[in-house]
Structure formats: structure tokens, C-alpha cells
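Now for the letters of each chain:
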Amino acid sequence: MCYKNIIAVTILSIKDITKKFVNHTALNNVSIDIEEGSIFGLLGPNGAGKTTLIRIINQIIAADKGEIWFFNQKLTPAHISNIGYLPEERGLYKKMKVGEQALYFAMLKGLTKQQAIKKLNYWFEKFEIQSWWNRKVEELSKGMQQKIQFIITVTHAPKLLIFDEPFSGFDPINANILKEEILNLRNQGSTVIFSTHNMASVEEICNSIALINKAEKILEGNVKEIKQKYKDNVFKVTLSSIKNPIQSIMPSDFEIKNIETENNEHITLTVKIPQKATANDLITTIIPHAIIHSFIEILPGMNDIFINTVKQYELKHT
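These numbers come from a predicted model, not from an experiment.

With 13 residues, helix α4 (residues 142–154) should cover 18 Å at 1.5 Å per step; its first-to-last C-alpha distance of 19 Å lies within 8% of that length. With 12 of 13 residues buried, α4 is to be regarded as a mostly interior element. For α4, the complete set of buried residues consists of Gly143, Met144, Gln145, Gln146, Lys147, Ile148, Gln149, Phe150, Ile151, Ile152, Thr153 and Val154. Against β6 (83–86), α2 (98–108), α3 (113–126), β7 (160–164) and α5 (172–187) lie the buried residues of α4.

Structure follows, in C-alpha cells:
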């Protein structure tokens, strides 16, 4: 059997982007590469510069310095038809009917009326909202309006989708429906830039991330690799048939952070071992004294990595 190497294609290359406003630098030499067919998390605290970067990608505002390349071509207004943007602050015309408005935006993106109606019918049926077509936007709840904006964003099947806080205002059921649709779009070939403060969503759906703080990129990479890089050598072990007090068998530099007892038969330890030690060292220590039922390494969550990386940056720059 012959295996071919899969070469990652960069769909969007952001090179040394700088943007300054009066007495404020929004972005300072930010460079990011985004692979085609990925979901890329654009993260950062409020005011970090994320929205400014998104607006530059959408050519709503221009950078003072730097370039953006889209499929190895310098980004121009001609590329806008291949980009779909769902802003955090939604912008529907309240007095217009839903279907009329969705049709208008789809045709603005280059679809014929016939193409637009066909694609909109597909999405309205998918979300089971055919009855909304002739209702005015002002009659819909915030969540219902967000569904319409999502449909407007994806109807023209753009190569690049940018979602800024897409789950804001959604209940858990509808947030999950939207999440599944974002994954489906990625599987069908779209590339997604996903800006959010919800780190659980980042862990669930993002392949890679960039973290921006105070106008500068301070972290970038594959989510799994970042979690491995920031791991702290903490393990959770479930045991039974323990022959000796567990504290007595652990080396002095193995820190027992927590002990949980279950039915007086099993205990679960959370243990931090020193950087020089390995998982095998912990297993070898335990095996003569107990039966091991489960053994997992606890990796840091993206929320902790986000907070700690920003804190470290702040300490270096105070």
C-alpha cells in the first residue's frame, strides 16, 4: 500500500500586521498562518486586538503596516466573495422580512436569485425554520436572529469563515447545533477562524490557536501540542488492594495533591511528579504495593493556559 504525505496548505498568511489608532496600538507586528481545512481559534482578552485583526482581514479597515495573503495572493476586495463573516455585534435590518433580507445578502455575495433561493431553502429546512421566511426580524428572539445571521454568513459557501463569538446568546442545545454545523462546514472544505472567550469550545473544535494580548501575539500552535508543552506532570491513578499506607510508598519529591476513596475498595490519587521523573517511575513505585485500575495524565485545560500565559506576559511587561 502506498501512502502519500499530506502537505498542509496555508489559506491565510498574516504578515507583520500593525494597526495604530490615536494614542493606541491595536496590533503590533502580528504574524499568523492559518491552514486550509482547519478551525483556528483567535483568542485574547477584551481589547487585545482580535476584532481589529478580523476587520482588517475583511477589509473593513486597513493595516498601517504588513500584508495579508489569501491562497498565495495578496488580499484584495475581489476575495471578499470567498469570505463569510459573522460579527459579534449582529447587524440585521429589524423591519425587513427574514427571507427578503437573507436573499438580499446572498445576492450581494455573488449568487443569482435562483441560486440564493435554492441554498437558503436548504438551510431553512436544515434548521427547521421555514415558517420564519415572511416574519420580520424584530419579531424574532436574539437566538433566532443569530440563526438567521449564521445562515447569511454561510449561504454562499465561502472558502474562509470568520465567526466572532458565534455561541453568544444561545442556549446549550442550539449552541451544540451550531457547533455541529461549524464542524460539518470544516469537513466539507471550509476553513474557520473562530474567535471566542469560551475555552471549552476551543478545546472541542479548534485545531490550532493564536493568543493575542495587548496588540501582540504571545502564543500560537496546535492545540494538542500546546497542551503537551504546558503539562505539569500530574497523573490520576485508581488503585485497590493497597498493602501499605499510600503516603509511605511515595518518594519525598512525589506530591500527592488529592486522595479520593470509593466504597472502601478503591482510592484515586492525584499525584504530581518532578520534571525529571516519568510516568513509568510512578507506575514502578506503585505496582509492588497495589493493583492499578486506571492511569491517566492530566493535561492543562486551554482556560488555564490562557490565564497563565497572559499573566506571565503581564509580569514581563510591568
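Turning next to the layout of surface pockets. The space that makes up the largest pocket amounts to roughly 430 Å³. Forming the walls of the largest pocket are 16 residues, and the residues nearest its centre are Tyr85, Pro87, Phe105, Lys109 and Ile152. Residue assignment for the lining of the largest pocket shows that the elements contributing at least two residues are β6, α2 and α4. Within the lining of the largest pocket, the residues separate by chemical class into eight nonpolar, six polar and two charged. Within this model, the second largest pocket holds a volume of roughly 260 Å³. Forming the walls of the second largest pocket are 15 residues, and the residues nearest its centre are Trp123, Ala157, Leu185, Gln188 and Ser190.

On to empty space enclosed by the protein. All chains considered together, the criterion is met by one cavity of 30 Å³ or more. Of the volumes computed, that of the largest cavity is approximately 30 Å³. Lining the largest cavity, in full, are Ile14, Ile32, Ile34, Phe40, Leu42, Leu53, Ile57 and Ile193.

Let us now look at the sheet that holds strand β11 (residues 234–240). Taken together, the four strands give an open sheet; going across it, the order is β12-β13-β11-β14, and neighbouring strands pair in antiparallel fashion. Two strands in the sheet have a free side with no partner beyond their single neighbour: β12 (255–262) and β14 (291–298). Direction aside, neighbouring strands of the sheet carry axes that sit 15 degrees apart on average.

Thresholds applied
- Residues numbered from 1 in each chain as written.
- Predicted model: local features only at pLDDT ≥ 70, side-chain atom pairs only at ≥ 80, totals over all residues.
- Heavy atoms only, no water.
- Helix = DSSP H or I, 4+ residues; strand = E, 2+ residues; numbered from the N terminus.
- Expected span 1.5 Å × (residues − 1).
- Buried < 20%, exposed > 50% of the residue type's maximum accessible area, 1.4 Å probe, protein only.
- Contact = heavy atoms within 4.5 Å.
- 1 Å grid on protein atoms, 1.4 Å probe; cavity = no way out; pocket = protein on both sides within 12 Å on 5 of 7 lines; lining within 4 Å.
- Points joined across faces, edges and corners; volume = space filled by probe spheres on them.
- Nonpolar A, V, L, I, M, F, W, Y, C, P; charged D, E, K, R; others polar.
- Pairing = 2+ DSSP bridges.
- Axes fitted to C-alpha atoms, helices over the stretch in contact; angles between N-to-C directions.

Keep in mind that these numbers describe shape and distance, not what the molecule does.
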